[in-house]
Amino acid sequence: MSSHKFTNNLINEKSPYLLVDWYPWGEEAFSKAREENKPIFLSVGYSTCHWCHVMETESFENEDVAEIMNKHFINIKGHEENPGVDKFYMTFVQLQSGGGGWPMSVFLTPDLHPFFGGTYFPPDDVFGRPGFKTLLSRIAQLWITNPDKLKESGQKTVNQLKAYSESRPSGSSSSAAKLVPSSVAETTFKYLQSSYDDKQGGFGKAPKFPTPVQLLFLMDYYGYQDKIASSNNANKALEMALFTLQRISAGGIHDHVGGGFHRYSTDSRWHVPHFEKMLYDQAQLLMAYCRAYQITQDSQYADTARDIVRYVARDLANEEGGFYAAEDADSLPAEAGATKIKEGAFCVWTASELDERLGPDTASLFAYRYGVKKDGNVDPDQDPHNELKGKNVLFEQHTLEDTAEKFGIPIVKVESALKKATSTLLCIRQNERPKPRRDEKILTSWNGLMISGLAQASQALEDDSLLALAIKTATFVRKMYNEDTKRMIRSFCEGLSKIEGFLDDYSYLIQGLIDLYEATLDEQWIQWAHELQQSQDELFYDNVYGGYYSTRREDDSILVRLKEGTIRLIADPWGGGGGKYDRNAVAIRNLTRLSVLLQDTSLSDKARKTIEAFEKTLMTYPFSMPYFVSAFILVDIGIKELLLATNSEQIAKQCQRAINRVFVPNKLLARAVKNGGILAQKNSVIREIASKLEDTDERISVYICENFACGMPFHHINDVLANLDKHARHV
């Protein structure tokens, strides 16, 4: 083969995926397209995306394909560091094709107007459908013979999106008032119930995503049952959430050796996963399992939560703080001479390998528990490239009790043997197998989610080591904050990125800092959250109609500023709207919590205005944005603030831990401190209570505040818990 003859314009980019001979998203590429009058081919993916690797190998590393691309197109590689680009063009792809996902492949005019798009394209024609090479040739010919038609199509698309985005929301103060939270919540619950898989848990058919946002909504719905839900519906909601969490934890989507969770399951029973691991999945599932434990006090949920933390702390943690973004699905097999990466190679096992490494007796026990078969346990239909033939994806086929009965040994010995076996296999994986590629970007947004997960876990599990990890993460992320401009940087990878933060960076991090304040009662986190909220409002808030745009005002490369959810697409790449938190929903919750802590009604006004901006979606298909529904309920019901006042750190900690054992979805914990900081400055109630604290006063006073009024203080924690128990839900 001839030596490579293309120039790499991405060598200075931070993303490890951007190593092909294309241009990064930016004016250099745009200018070249205009000067040469060539269409743009935009490919958006991320570094650990399996199908991105497949398309890269099949097409982008093919000399014939590259020749067509370089002759007829200006090729741009986008990535997850710029979600504004991803969001706008993904919306186009979804509207055009009814589906979306990564890799995203879009053809644009030199003015960045999209005229054709899709996701993965095979290299050659198959089953009557054009392959990528044919597609490139056809579009190139169309551009040569009739470019005006393509330009007109692109301009029309942009005009339609712009008109929709800039139109006045159908909601207004009067029409939004017609929205009944209980009705919106019930519609969401009924939809989830109708798509619920009562045999395997989860929602819909394969492929199945964990959708922690949906599970958190269901647990909120359960917690609010006296106010918005009947007892039967509330209990069913909790049942669906808990059973799904159980099945996910038992399935192959859960890494039973290394811990943590893979991206999604290719089958309906959570067995064969798509093997990549994303930080945001770990963070959100950590929150879900902690909430399940808080409600039930069932140790299985706490065990899974700790398992997630062990994984991220071992494999995704940066030594200085912060967490890396993801681990790849693909890696080299451990066999001598292997040169081709395979999906799942790091995680799967042959039966003979287990026999050799664990010994026949332990291997037999292990195989029964985890569904190991001599010829492999993967259905060929779930293995289109024959990468898992003869391999076993571990899943909990039998319970510990069944395993003990089968082998006639005490369950305590079964547990001990399995724990030792798992430790042995982990050692083999970590030390003998080639590891998957790790995406070593530290993203502000995803680390914000992880701060929330760790802060909540530290409270639910009463584990100070998790709190220390949350603080370490927040301290590192602060390095990505410009104290002078009050702006966040999007990411860190061997240094700060050039890209400034987007809405998700601000909203997720603010949420994490508020959660961290509740876990530490250290006001420095609220001070920072307040600064970030002011910056978020300045950069992203729509002062006319309410709600937040995903991109900054000054980003001219984004043709249309969109608000996530104003153009709602049910078939989205995050698995039906349940993948990651809706940024505006997170913003609503942040505004509501900060408005109470800082006694600032302008923040609560923004929360209500944001709800109005999404009134149409809430009226038509609220089930596509379950976390937004939870936020809407929170605004309607209001915050139940528990205000602690004591000079004793020990008593404050004991009280805090006792309160956090009780699940109340609208609970907010704060502390009045003598000579305090921002809370005493901004909140007159906290200031007054703090001023009455005597230096020698070590008794506890707990004020429960709702609807702008605080009741008489409680001085015994049991009285506080008795009051909370009226609102709490237990199993």
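It should be emphasised that the depicted structure is a prediction, and the values quoted were computed from it without experimental measurement.

As a further point, take the sheet that holds strand 9 (residues 326-327). Spatial ordering of the open sheet is given by 8-9-12, a layout of 3 strands whose pairing is antiparallel. Only two strands of the sheet have a single partner each, and these edge strands are strand 8 (277-278) and strand 12 (438-439). Judged from the 2 bridges that link them, strand 9 and strand 12 form a sheet pairing that is antiparallel. Opposite E327, over in strand 12, you have R438 as the bridge partner.

Here we come to the pattern of salt bridges. Using the criterion set out here, one finds 35 salt bridges in the structure. R583 is the salt-bridge partner of D504, the closest N and O atoms lying 3.6 Å from each other. You can see D504 sitting in helix 20 (residues 503-520) and its partner R583 sitting in helix 22 (residues 583-597), a full 79 residues away along the chain. Here the two residues D504 and R583 agree in accessibility, since each one is buried. One network of salt bridges, with partners in common, ties together R490, D504, D505 and R583.

A separate point is the pairing of strand 19 (residues 701-706). By the criterion of burial, strand 19 is predominantly enclosed, with 5 of the 6 residues buried. Pairing between strand 17 (residues 640-645) and strand 19: 5 bridges, direction antiparallel. Looking across to strand 19, one finds that E641 is bridged to C705. The turn linking strand 19 back onto strand 20 (residues 709-710) is made up of 2 residues, and N707 within it adopts a positive phi angle of 50°.

This next bit is on the sheet that holds strand 18 (residues 667-672). Strands sit in the order 18-17-19-20 across an open sheet of 4 strands; the sheet is mixed. Sheet topology places strand 18 and strand 20 at the edges, where each strand pairs with a single neighbour. As paired strands, strand 19 and strand 20 are joined by 2 bridges and run antiparallel to one another. If you follow C705 over to strand 20, its bridge partner there is C710. Packing of helix 22 onto the sheet brings it into contact with strand 17 and strand 18, and relative to strand 18 it is tilted by some 30°. The strands that helix 26 (residues 649-660) touches are strand 17, strand 18 and strand 19; relative to strand 18, the one it contacts most, it runs at about 175°.

Time to look at the packing of helix 20 against helix 22. With their axes 9 Å apart at the nearest point, helix 20 and helix 22 run at an angle of 40° to one another. Between helix 20 and helix 22, the angle falls in the class oblique. With respect to the hand of their crossing, helix 20 and helix 22 are arranged in left-handed fashion. Contact residues: helix 20 offers L503, D504, S507, Y508, I510, Q511, I514, D515, Y517 and E518, while helix 22 offers R583, N584, V586, A587, N590, R593, L594 and L597. Residues that form the contact of helix 20 with helix 22 fall into these classes: 9 nonpolar, 4 polar and 5 charged.

Let us look at the state of the cysteines. Two cysteines, two sulfur atoms, one covalent bond between them: this is a disulfide. All chains considered together, the criterion is met by 1 disulfide. Shown here is the disulfide that connects C705 with C710, its sulfur atoms set 2.0 Å apart. Torsion about the S-S bond of the C705 and C710 cystine: about 100°, corresponding to right-handed handedness. Take C710: its relative accessible area is 34%, and that puts it in the partly exposed class. Here C427 is not cross-linked by a disulfide; its sulfur's nearest cysteine counterpart is in C347, at 16 Å. Of the residues examined, C427 reaches a relative accessible area of 42% and is grouped as partly exposed.

This brings us to the side chain of K38. Inspection of the secondary structure puts K38 in the loop between helix 1 (27-36) and strand 2 (40-45). Among the residues examined, K38 registers a relative accessible area of 17% and is labelled buried. A distance of 3.1 Å separates polar atoms of two side chains, one belonging to K38 and the other to E36. A polar contact of 3.1 Å, which involves the side chain of K38, links it to the backbone oxygen of K71. If we skip the residues at most four places from it in the chain, K38 touches A33, N70, K71, H72, F73, I74, P110 and W143.

Taken as a whole and assessed by the stated rule, the structure comprises 27 aromatic pairs. Seen in terms of ring centroids, Y368 and F407 are 5.8 Å apart; in terms of plane orientation they differ by 80°. Their pairing is edge-to-face. One end of the pair, Y368, is in helix 15 (residues 360-370); the other, F407, is in helix 16 (residues 400-407), with 39 residues separating them in the sequence. Look at Y481 and W528: their rings are 5.5 Å apart centre to centre, the planes differ by 55°, and that puts the pair in the tilted class. Residue Y481 is found in strand 14 (residues 481-482), and its partner W528 is found in helix 21 (residues 524-540); the two are separated by 47 residues along the sequence. Each member of the pair, Y481 as well as W528, is classed as buried. A network of ring pairs unites the aromatic residues F41, F60, F73, F107, F116, F121 and F132 as a single cluster. Note that K277 overlies the ring of Y311, its terminal NZ or CZ placed 4.0 Å from the centroid. The residue whose ring lies beneath R369 is Y370, and the NZ or CZ to ring-centre distance is 5.5 Å.

About the criteria used
- Residues numbered from 1 in each chain as written.
- Predicted model: local features only at pLDDT ≥ 70, side-chain atom pairs only at ≥ 80, totals over all residues.
- Heavy atoms only, no water.
- Pairing = 2+ DSSP bridges.
- Helix = DSSP H or I, 4+ residues; strand = E, 2+ residues; numbered from the N terminus.
- Salt bridge = Lys/Arg side-chain N within 4 Å of Asp/Glu carboxyl O.
- Buried < 20%, exposed > 50% of the residue type's maximum accessible area, 1.4 Å probe, protein only.
- Contact = heavy atoms within 4.5 Å.
- Axes fitted to C-alpha atoms, helices over the stretch in contact; angles between N-to-C directions.
- Parallel < 35°, antiparallel > 145°, perpendicular 65-115°, else oblique.
- Left-handed = near helix turned anticlockwise from the far one by under 90°.
- Nonpolar A, V, L, I, M, F, W, Y, C, P; charged D, E, K, R; others polar.
- Disulfide = S-S within 2.5 Å.
- Polar contact = N/O pair within 3.5 Å; in protein donor to acceptor, adjacent residues only side chain to side chain.
- Phe/Tyr/Trp six-rings, centres within 6.5 Å; stacked < 30°, edge-to-face > 60°.
- Lys NZ or Arg CZ within 6 Å of the ring centre and 35° of its normal.

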